[in-house]
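# Observations on chain architecture
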Amino acid sequence: MKNWLSKFESLGENCEFGFVQRALGINTSSLFRWAFVDSEDAICEAISSNFSGGFVFENLEPAGAGTMVRDRKLQIAFHSKQASVQHGEFWEFVHSNSERALLFKEERKKFLYLAGKFIFNLEKNDQIYVLKRNQGIKDDAALRVHKTISSRGNGRVLYVVEATSSNQPGTVEKVVPGLVKGFIDRFAPIDQSDNPSLSCWESILQSASKVFQEESTTIHNSSAPLMFSQSTNSVEQLYDLKHQTKAKPAWFGHLVEEDQALYELLSPSSHDGDNPFFDKEVYAKNLFSLTGEKLPSSENALQHWFKIGKKKRIVPTRFFDENYYIETNSDLRNANCFGFVHFVLHGNNEGRKPTEWFDGEYYSKNYAGARDYHHFLTTGASLGYFPSYGTERLYFLLKANEKFSLEVFALLITIGTDPNFRLNSSKLEALSLIFMPQWHNANGKIINSFFHYIFNDFNSNNSPGPLFDTEIYRRKALEANLPLTGLSANAVLHWLCYGFEARIVPTERFDEAFYLRQNQDIAASPDWAFIHYVQHGLYEGRPGLPGRGFNQAEYPNATFTYQHQRWFEEDFAKAYDHNLEVVPEHLNDRLEKALKSEQIKEIFLKAQALDPAVGQIEDINLFMLPPYYDEYSSLHSIMKSRLPRLQYDSVVCVPWIRLGGADLVAGLLAKSLLRLRPEEKLLILRTDSPLFERSDWIPDRADVVDISDLIAQLGYERGVHLFKVLLSGIAAKRVFNVNSKLCWIAMRDHGSYMAKCFKNYAYLFCWDRLPSGLRAGYPAEFFAGTIDHLAACFTDTEYLKRELGDLYLLPPTTLKKITPLLTPAQSVLRLPAVAREVAWQKDPSTRRRVFWGGRLDRQKRFPLVIELARRMPDVEFFCWGASVLDEPLDLSDAPSNLLMQGTFKSFDDLPLSNAGIWLFTALWEGMPTTLIELATRGMGIVASAVGGVPELITDETGWPIAEDASVDDYEEALRDALKNPQKTAERAEALQRHVEYRYNDSVYDSVLSEQLKLESEQ
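Residues numbered from 1 in each chain as written. Predicted model: local features only at pLDDT ≥ 70, side-chain atom pairs only at ≥ 80, totals over all residues. Heavy atoms only, no water.

## Section: the sheet that holds strand β16 (residues 703-706)
To summarise the sheet geometry, strands pair through backbone hydrogen bonds and adopt either a parallel or an antiparallel arrangement. Pairing within the open sheet is parallel, and its 7 strands lie in the order β16-β15-β14-β17-β18-β21-β22. Since the sheet does not close on itself, it has two edges, and those belong to β16 and β22 (818-820), each with one partner. Pairs of neighbouring strands in the sheet enclose a mean axial angle of 25°, with direction left out of account. As defined by bridge partners, strand β17 (residues 734-737) adjoins strand β18 (residues 759-764) across 4 bridges and the pair is classed as parallel. Bridge pairing links N737 to A762 in β18. (Pairing = 2+ DSSP bridges. Helix = DSSP H or I, 4+ residues; strand = E, 2+ residues; numbered from the N terminus. Axes fitted to C-alpha atoms, helices over the stretch in contact; angles between N-to-C directions.)

See below:
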């Protein structure tokens, strides 16, 4: 075997390089060798996350060819024994889920092994990762992969593209240190990846190997701690190296010094990808528009701009407003200055505004100090950041909930600079108030509909919505003696320029005097009543005209109200669709007939005789008719529409599904219920937040529905009403509360009613602790007020049952309701145990490492870890975590042997076999799932004996440290564990057996099953 070839490792896209390696005698297995990868971004994301959540059963789908599965999360396809067949356009698995599960179990072991091996090589060795894609790889994509690889260790990247006329096949060129680009004569066809151009590949590999060997400067610090090496060069520095080596064109030398500086800021090579300040297409368009000249196809666009365009002051980008820049900078008005050039060279760094739609101070304040315009154009816009208060307010007034984008930003600038519109921010704000998307494109996004109206209908005198009537406005404008300029050509523009300021109401659908009489809360306000109506009154159900009718409740924060529905019916009779729960018109007709009847008049006369305060029937304008006056009725319909089915037997309420232990327990509970009652239907209800980060924890047969947005609009107290209606409507048999605050409030305030409708269950995990030491949290807030109405209260420890019984002096009948339901482990036992592997290792340094992981918050007591590191300078402390609930800790004076490693998603991502012991230091706890998962892996553990931890960690299974122990006690336990790896292994294996016996699905199902059987007796 050629030893130099063993350094190369595939990154996809397919199996071609694997066949190259096989032909050259390299048969070492690797994760990507026989894999298909969707994109370079997928590679970066997978590596950055340490393949977290990868190759999970629920995320696998047939990938075609009959012998592959694709991981939807990682966007990578692997060869698999989980065979599939094609039916029409789709592929389906051949095996049943239970058969697949057996195959999956073995394949997941292989995946975890290869992923662990990949991370190990990435962080410990100097591999050369080979990247290829038949349709080509862009340089910026290769740089992103290189950035990801180089941030983790000493890995290098070779990316291969098809050679052009200017590149010789089989050659390579250095891009930046650690990144080489190779040129091949051809790639193997996708369906014939075993037919590579072998001689050309070998030549590329030899040349690349030579380049990497000759690199005189090592980019990475090879003396960094094992598996945690850090790059000495930032990505920006790598880019600088790239730019410094980028050859300048010959004409660059003819530029004056200022233009050379300008070139550096405008050339594509000065940015990762396209330069937002110079767009060839925009320049060509503006050149033709202003001069009638076409950009010569043979000439470099930037060179042409320096030669011609700059002199003619042609702005080569959509993202700059020349007139605005000059007008708003008084020092430039009389300086005969080309504003664009001034901004690129000076104004951007000085914080000047390139357009009225970008405000550096606003952007900096709202987006973590990123004030630079370039940051917004290249990063912020893609993340949906608003560049100014004006853009955010425009979205608010339009009630647009879609993401802000660079294209929207460019259109706003165009609308302000194009002579066909000249609509600045104040005019657009006024227009947005009377714009109604359903009048133009009811099915499109609101912001797209708004722009479509401006570019297609605005100059055609088409109304922006139901509250603008062209003829009525023209008549009122003439009566008010407003300027006639443009009135006939574009009435909407005329209103924006003159009518808005003159407070001309452009419709007969609003009576300002009536509105002020009816709404005394705004009568004294200097603000225009019409604007209050379109912005607030419409959505609050306030009538704009006198008249009698039924009180129609409005959906909170709606964009299309009952009144809009009526206007839409009037304006577009043929297109009208009853899609809201509104009072039918025939009932309004019946109301009028009833009010005119002699019977009603007689009833009122009798009522007035009894109580004169009843008043006159003619003075009553609003009448109640169920269910239309109920403000919740529309929300009920929306909530009902989200349910995949109309009946559920069990409902599991969660605040969200994130990364917490309670979220995991909710998924385990759902799986157990479906195992015990497979014929029943189960709903998981997210009540407090839409976050849904761990779909892999949820069983496929469970429906997951989010109502948190509806609850947020109402608040918890009013949202409880909506929640109760949902539970009653689906005829639930039982409701489980797993940390849902909404459900806790409902059980506390309406527990007696809920207990009559269905069985109520709740989970409690542990107390919180205030700085004073007093207990707090859900047990303190809700237990006493709900236990009488619960069929059972589950805990994940015996400890909490004892605590609640002692604290509240519970009688036996109530204490019996508290049922410990021990959380089953989610991982199979690792054999051999991690601690046993450590004991076998010859490298004694492994036995001088302590691992710690958790939130850097008060509960987890990280200052204790820092103190231990100071007292044990001969031991390395590798720590994972971040501050979540508390302010970030100041670690500037932490000892050098305390090594922070960021965060992690799975213990499988951590090199556990390189540590002597795991340290757990919580100040209070229930039963931490982290310890259960570490136990399955056979990790030696030193843990604070708080909460339910002693049920897991004893003197036989680890090193429990008393709640009132000192730092000395922790140090003594750590040194004992590190010094005696055999003892550590024995205790870790005992812990594995303990967890295998008590913390498993069978035990969990058995306890839950017995509880469910009691339902018929209660």
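## Side note on empty space enclosed by the protein
In total, this model carries 3 cavities of 30 Å³ or more according to the counting rule given. Residue lining of the largest cavity: 17 residues in total, with S432, L433, F435, M436 and Y539 positioned closest to the centre. At the level of secondary structure, the elements contributing two or more residues to the lining of the largest cavity comprise α15 (389-398), α17 (425-434) and α23 (529-540). Top element by residues in the lining of the largest cavity is α23. It accounts for 4 residues. Looking at the lining of the largest cavity residue by residue, the class counts come to 12 nonpolar, 4 polar and 1 charged. (1 Å grid on protein atoms, 1.4 Å probe; cavity = no way out; pocket = protein on both sides within 12 Å on 5 of 7 lines; lining within 4 Å. Points joined across faces, edges and corners; volume = space filled by probe spheres on them. Nonpolar A, V, L, I, M, F, W, Y, C, P; charged D, E, K, R; others polar.)

## Comments concerning the side chain of S80
Mapped onto the elements of the fold, S80 is located in the loop between β5 (76-79) and β6 (84-87). The exposure class of S80 is buried, given its relative accessible area of 12%. Polar side-chain contacts of S80 include one of 2.9 Å to the backbone nitrogen of Q82. Beyond its immediate stretch of four places on either side in the chain, S80 contacts T67, M68, V69 and E107. (Buried < 20%, exposed > 50% of the residue type's maximum accessible area, 1.4 Å probe, protein only. Polar contact = N/O pair within 3.5 Å; in protein donor to acceptor, adjacent residues only side chain to side chain. Contact = heavy atoms within 4.5 Å.)

## Quick word on the pattern of salt bridges
Oppositely charged side chains can form a pair if their charged atoms are brought close together. All chains considered together, the criterion is met by 52 salt bridges. Salt-bridge contacts for R474 lead to E471; the nearest nitrogen and oxygen are separated by 3.2 Å. Residue R474 and its partner E471 are both found in helix α19 (residues 470-479); the two are separated by 3 residues, about one turn of the helix. Between R475 and E508 there is a salt bridge whose closest N-O contact spans 3.3 Å. Residue R475 is located in helix α19, and its partner E508 is located in the loop between α20 (491-499) and α21 (512-518); the two are separated by 33 residues in the primary sequence. When its relative accessible area of 37% is taken as the criterion, R475 is described as partly exposed. Here the salt bridges share partners, and the residues they tie into one network are D649, R677, E680, K733, R734 and E1015. (Salt bridge = Lys/Arg side-chain N within 4 Å of Asp/Glu carboxyl O.)

## Observations regarding the sheet that holds strand β2 (residues 36-37)
If you walk across this open sheet you meet the 4 strands as β2-β5-β4-β3, and the pairing is antiparallel. The strands lining the two open edges of the sheet, one partner per strand, are β2 and β3 (60-62).

## With respect to a negative patch on the surface
Where like charges cluster on the molecular surface, the negative patch consists of E963, D964, D969 and E972. Its place among the elements puts D969 in helix α38 (residues 967-979). Here D969 falls in the partly exposed class, since its relative accessible area comes to 33%. (Patch = residues over 30% accessible without salt bridge, like charges linked within 9 Å, V, L, I, M, F, W, Y side chains within 5 Å. Areas by Shrake-Rupley, 256 points an atom, 1.4 Å probe, with all protein chains shown as cover. Lys, Arg positive; Asp, Glu negative; His and termini not counted. Charge placed at Lys NZ, Arg CZ, Asp CG, Glu CD.)

## Quick notes on unusual backbone geometry
Geometrically, the link from G12 to E13 is a cis peptide bond, its omega value of 20° lying close to zero. In this structure, E13 sits in the loop between β1 (8-10) and α1 (16-23). Of note, the amide linkage connecting L831 to P832 takes the cis form, showing an omega dihedral of 0°. Among the secondary structure elements, P832 is positioned in the loop between β22 and α35 (834-840). For R422, which is not a glycine, the phi torsion comes out positive at approximately 55°. By the element assignment, R422 lies in the loop between α16 (406-417) and α17. Within the chain, N481 stands out as a residue other than glycine whose phi angle is a positive 55°. The topology assignment puts N481 in the loop between α19 and α20. For N481, a relative accessible area of 69% translates into the label exposed.

## Observations regarding the domain arrangement of the protein
Domain annotation of the protein identifies domain 1 (5-216), domain 2 (357-464), domain 3 (586-619), domain 4 (631-820) and domain 5 (834-999). For domain 4 and domain 5, the distance between their C-alpha centroids amounts to 32 Å. Of the residues lining the interface, 14 residues belong to domain 4; the matching set on domain 5 comes to 11 residues. Between domain 4 and domain 5 the total buried area reaches about 1,000 Å² when both faces are included, carbon and sulfur atoms providing 55% of it. Scanning the region where domain 4 abuts domain 5 turns up 0 salt bridges. At the junction of domain 4 with domain 5, the criterion picks out 3 residue pairs in polar contact (both at pLDDT 80 or more). For the side of domain 4 that touches domain 5, the residue count by class is 7 nonpolar, 2 polar and 5 charged. (Domains from an automatic or database assignment. Buried area = accessible area lost by both parts, 1.4 Å probe.)

## Observations regarding the confidence of the model for the protein
Of the residues in the protein, 91% have a pLDDT of 70 or more, and the chain-wide mean is 86. Confidence, expressed as mean pLDDT per element, reaches its minimum in the protein at helix α6 (residues 235-245) with 37 and its maximum at β17 with 97. Below pLDDT 50 for its whole length, residues 216-245 participates in 53 contacts with residues either more than four positions away or in separate chains. Scored below 50 in pLDDT, residues 575-580 shows 13 contacts in the model against residues more than four places distant or in partner chains. (pLDDT = per-residue confidence, 0-100.)

## Here we look at the pairing of β17
Residues R734 and F736 line one face of β17 and the alternating positions V735 and N737 line the opposite face, and both faces are buried. One ladder, built from 4 bridges, connects strand β14 (residues 650-654) with β17; its direction is parallel. In the sheet register, S650 faces β17, and the bridge partner there is R734. Note on the crossover from β17 through helix α31 (residues 741-757) to β18: the handedness is right-handed. (Right-handed = clockwise from strand over helix to strand, strands pointing away.)

## Quick word on helix α32 (residues 778-786)
When α32 is considered as a whole, its buried residues turn out to be P779, F782, F783 and T786. End-on, the buried residues of α32 take up no more than an arc of 115°, which puts them together on one face. In the core, the buried residues of α32 are packed alongside α31, β18, β20 (775-776), β21 (792-795), α33 (798-808) and β22. (Arc of directions from axis to C-beta.)

## Re the packing of aromatic side chains
We describe a pair of aromatic rings using the distance from one ring centre to the other and the angle between the two ring planes. Under the definition given, this model contains 69 aromatic pairs. The interplanar angle of 55° and the centroid separation of 4.7 Å between the aromatic rings of F358 and Y373 together place this pair among those described as tilted. A residue pair is termed long-range when its members are at least 10 positions apart, and F358 in the loop between α12 (339-350) and α13 (360-366) and Y373 in helix α14 (residues 373-380) qualify at 15 residues. Assigned by exposure class, F358 and Y373 land together as buried. Against the face of W959 rests R987, its NZ or CZ located 4.3 Å from the ring centre. (Phe/Tyr/Trp six-rings, centres within 6.5 Å; stacked < 30°, edge-to-face > 60°. Lys NZ or Arg CZ within 6 Å of the ring centre and 35° of its normal.)

## Comments concerning the nonpolar core
Ranked by size, the top nonpolar core spans 93 residues in total, and within it W305, F340, Y373, F409, L428 and F530 carry the most contacts. Residue contributions to this core peak at 7 residues, all from α23. The residues contacting L428, other than those within four sequence positions of it, are W357, L394, L412, I415, L423, F450 and I454. Counting 43 residues, the second largest nonpolar core, distinct from the first, contains Y632, L714, L727 and F758. (Core = buried A, V, L, I, M, F, W, Y, C linked by side-chain atoms within 4.5 Å.)

## Description of the packing of helix α8 (residues 280-291) against helix α9 (residues 301-309)
Two numbers describe how α8 lies on α9: the axes approach to 10 Å, and their chain directions differ by 35°. The way α8 lies across α9 gives a crossing that is left-handed. Counted together, K280, Y283 and L287 of α8 and A301, H304, W305, I308 and G309 of α9 form the full contact between these two elements. Tallied by class, the residues present in the contact of α8 with α9 amount to 5 nonpolar, 2 polar and 1 charged. (Left-handed = near helix turned anticlockwise from the far one by under 90°.)

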